[in-house]
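The chain contents come next:
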Amino acid sequence: MRRVLVTGGAGFAGSQYVRMLAPHARVTVLDKLTYAGNPANLAPVRDRIDFVRGDIADPGLLARVVPGHDLVVNFAAESHVDRSIDDASAFARTNVLGVQALMRACLDAGTPKVVQVSTDEVYGSIPEGSWAEDAPLAPSSPYSASKAGGDLIALAYARTHGLPVCVTRSGNNYGPRQYPEKLIPRFVTRLLDGLPVPLYGDGRNVREWIHVADHCRAVDLVAERGEPGEVYHVPGDAELTNLDLTRRLLELLDADPSLVEHVPDRKGHDLRYSLNGDRLRALGYAPRVPFDEGLAETVTWYRTHRSWWEPLRPAEPNAAR
Ligand code: NAD
Ligand code: TDX
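- In the annotation of an unreviewed UniProt entry, the entry for the protein reads dTDP-glucose 4,6-dehydratase, and the organism field reads Actinomadura namibiensis.
- UniProt's Catalytic activity (unreviewed entry) comment on the protein is quoted here verbatim: "dTDP-alpha-D-glucose = dTDP-4-dehydro-6-deoxy-alpha-D-glucose + H2O".
- In the Cofactor (unreviewed entry) part of its UniProt record, the protein is described as follows: "NAD(+)".

If you want it as structure tokens, here you go:
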């Protein structure tokens, strides 16, 4: 049985990966449990995994936890763009220094395979067409700059030291258990309570959406078949403006369109992201969750899991950015 260390495994995407893997692998989760980490996300597999609370930027802890694993997958990150605009210090610490500490620990432990999970945002905005994996990095936000820094460190460990690490970069994930600061869960939970939803700028920014389960299947495929030192894109199957996405959410929730509040734009707001996924498809990847189905199921999940998200809501429910 594979022994897999999943860092950031109590967050949205990391916990999905752990729940997917747990029946077929011996899984250790290492997570700092920041505001975004939630042990409830691991409840269905709690008895089948080892959980360590700790920081990927702590080399002493990593020296104890990393050895003995066949695979290390790093989902741990500060992940929200708006928070990085307010204060980027935790982003630099976790997303850059943390990745460096983890790569070093994997090198020292002789880990046979490592995957660094990253994002389409490292390339910055693309008005048309799609980025290939060798496109130059031009991140716009402190979040994406810190992710680009982590990616480059990971790839440098591959080139300099021969560390068998792959980098995956995916589009916007959606699905159950996403912290209600991100667009879809923020809008769904607010609409469920009849509260206005803050649409940034003119709402014409475009994102490429992928169900978190498809993202995790792609990460595992790269873990098994990816070429060390390479980057793999994980594109979404639905490209939508925020305005169109908001309209779909209003329909699914049978909510009044007057609840959409146009608020000032996010600083440095990227217009569009798009990834070319040919390299991943060549490994055998195909998405399984059609966007319409996945979105409807996600809305239903939030409707039926109020006890998961209600305690996580910001203190000022009417605050719009
Ligand atoms: P999330 O914010 O839901 O979860 C992040 C997890 O990392 C939390 O459990 C948190 O406690 C943990 N963590 C934070 N700092 C840590 C540290 N120093 N040490 C150990 N654990 C720490 O994030 P997510 O949406 O699940 O994203 C997971 C990864 O996927 C991130 O690397 C993110 O950049 C990437 N990604 C996410 C998306 C998306 O749309 N959600 C898209 C592309 C890439
Ligand atoms: O209240 C909002 N109103 C709004 O109009 C929020 C939270 C967002 N938006 C807009 C900004 C973006 O154009 O919606 C779009 C999506 O925003 P987020 O959910 O914050 O995601 P994004 O900034 O695109 O980044 C996400 O995808 C890539 C994740 O948060 C990152 O972790 C991932 O790397």
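## Structural notes on the domain arrangement of the protein
By a widespread convention, an interface's size corresponds to the accessible area lost as its parts come together.
Next up, step 1: When its domains are assigned, the protein resolves into domain 1 (3-173 + 209-234) and domain 2 (180-207 + 238-275 + 290-309).
Next up, step 2: Distance from the C-alpha centre of domain 1 to the C-alpha centre of domain 2: 25 Å.
Next up, step 3: Listed as interface residues are 29 residues of domain 1 and, on the opposing side, 22 residues of domain 2.
Next up, step 4: Seen at the junction of domain 1 and domain 2, the total is two salt bridges.
Next up, step 5: With a closest N to O distance of 2.7 Å, E181 and R83 form a salt bridge.
Next up, step 6: Summed over the shared surface of domain 1 and domain 2, the number is 17 residue pairs in polar contact (both at pLDDT 80 or more).
Next up, step 7: Where the side of domain 1 that touches domain 2 is concerned, the elements lending two or more residues are α3 (81-86), β6 (165-170), β9 (206-211) and β10 (231-234).

## Quick look at unusual backbone geometry
Next up, step 1: The phi dihedral of L33 falls on the positive side, at around 55 degrees, and the residue is not glycine.
Next up, step 2: Within the secondary structure, L33 sits in the loop between β2 (25-31) and β3 (49-53).
Next up, step 3: Positive phi is not limited to glycine here, since D254 has a value of about 55 degrees.
Next up, step 4: Within the fold, D254 resides in the loop between α8 (242-253) and β12 (260-263).

## A look at the nonpolar core
Next up, step 1: Grouped together as the largest cluster of nonpolar side chains are 31 residues, with contacts concentrated most on V66 and M103.
Next up, step 2: Elements with a contribution of two residues or more to this core: α2 (59-65), α4 (89-109), α5 (142-161) and β6.
Next up, step 3: The leading source of residues in this core is α4, at six residues.
Next up, step 4: Residues within four places of M103 in sequence aside, it is in contact with V114, Q116, A154, Y157, L163 and V165.
Next up, step 5: Residues L191, L250, V299 and L312 belong to the second largest nonpolar core, which totals 28 residues.

## Observations concerning the packing of aromatic side chains
Next up, step 1: What the rule picks out here adds up to eight aromatic pairs.
Next up, step 2: Here the aromatic rings of Y174 and F291 are separated by 5.2 Å at their centres, their planes lie at 75 degrees, and the arrangement is edge-to-face. In this pair, Y174 sits in strand β7 (residues 172-174) while F291 sits in helix α10 (residues 291-304), placing the two residues 117 residues apart along the sequence.
Next up, step 3: Residue classification places F291 among the buried residues on the basis of a relative accessible area of 6%.
Next up, step 4: Seen in terms of ring centroids, W301 and W308 are 5.4 Å apart; in terms of plane orientation they differ by 70 degrees. Their pairing is edge-to-face. Exposure class is identical for W301 and W308. Each is buried.
Next up, step 5: Here a set of aromatic residues connected by ring pairs shows up, and it is made of W301, Y302 and W308.
Next up, step 6: The ring of Y35 carries the charged tip of R83 above its face, separated from the ring centre by 3.5 Å.

Calculation rules
Residues numbered from 1 in each chain as written. Chains lettered and ligands numbered in written order. Predicted model: local features only at pLDDT ≥ 70, side-chain atom pairs only at ≥ 80, totals over all residues. Heavy atoms only, no water. UniProt positions renumbered as here; feature names shortened; annotations may be inferred. Domains from an automatic or database assignment. Contact = heavy atoms within 4.5 Å. Salt bridge = Lys/Arg side-chain N within 4 Å of Asp/Glu carboxyl O. Polar contact = N/O pair within 3.5 Å; in protein donor to acceptor, adjacent residues only side chain to side chain. Helix = DSSP H or I, 4+ residues; strand = E, 2+ residues; numbered from the N terminus. Core = buried A, V, L, I, M, F, W, Y, C linked by side-chain atoms within 4.5 Å. Buried < 20%, exposed > 50% of the residue type's maximum accessible area, 1.4 Å probe, protein only. Phe/Tyr/Trp six-rings, centres within 6.5 Å; stacked < 30°, edge-to-face > 60°. Lys NZ or Arg CZ within 6 Å of the ring centre and 35° of its normal.

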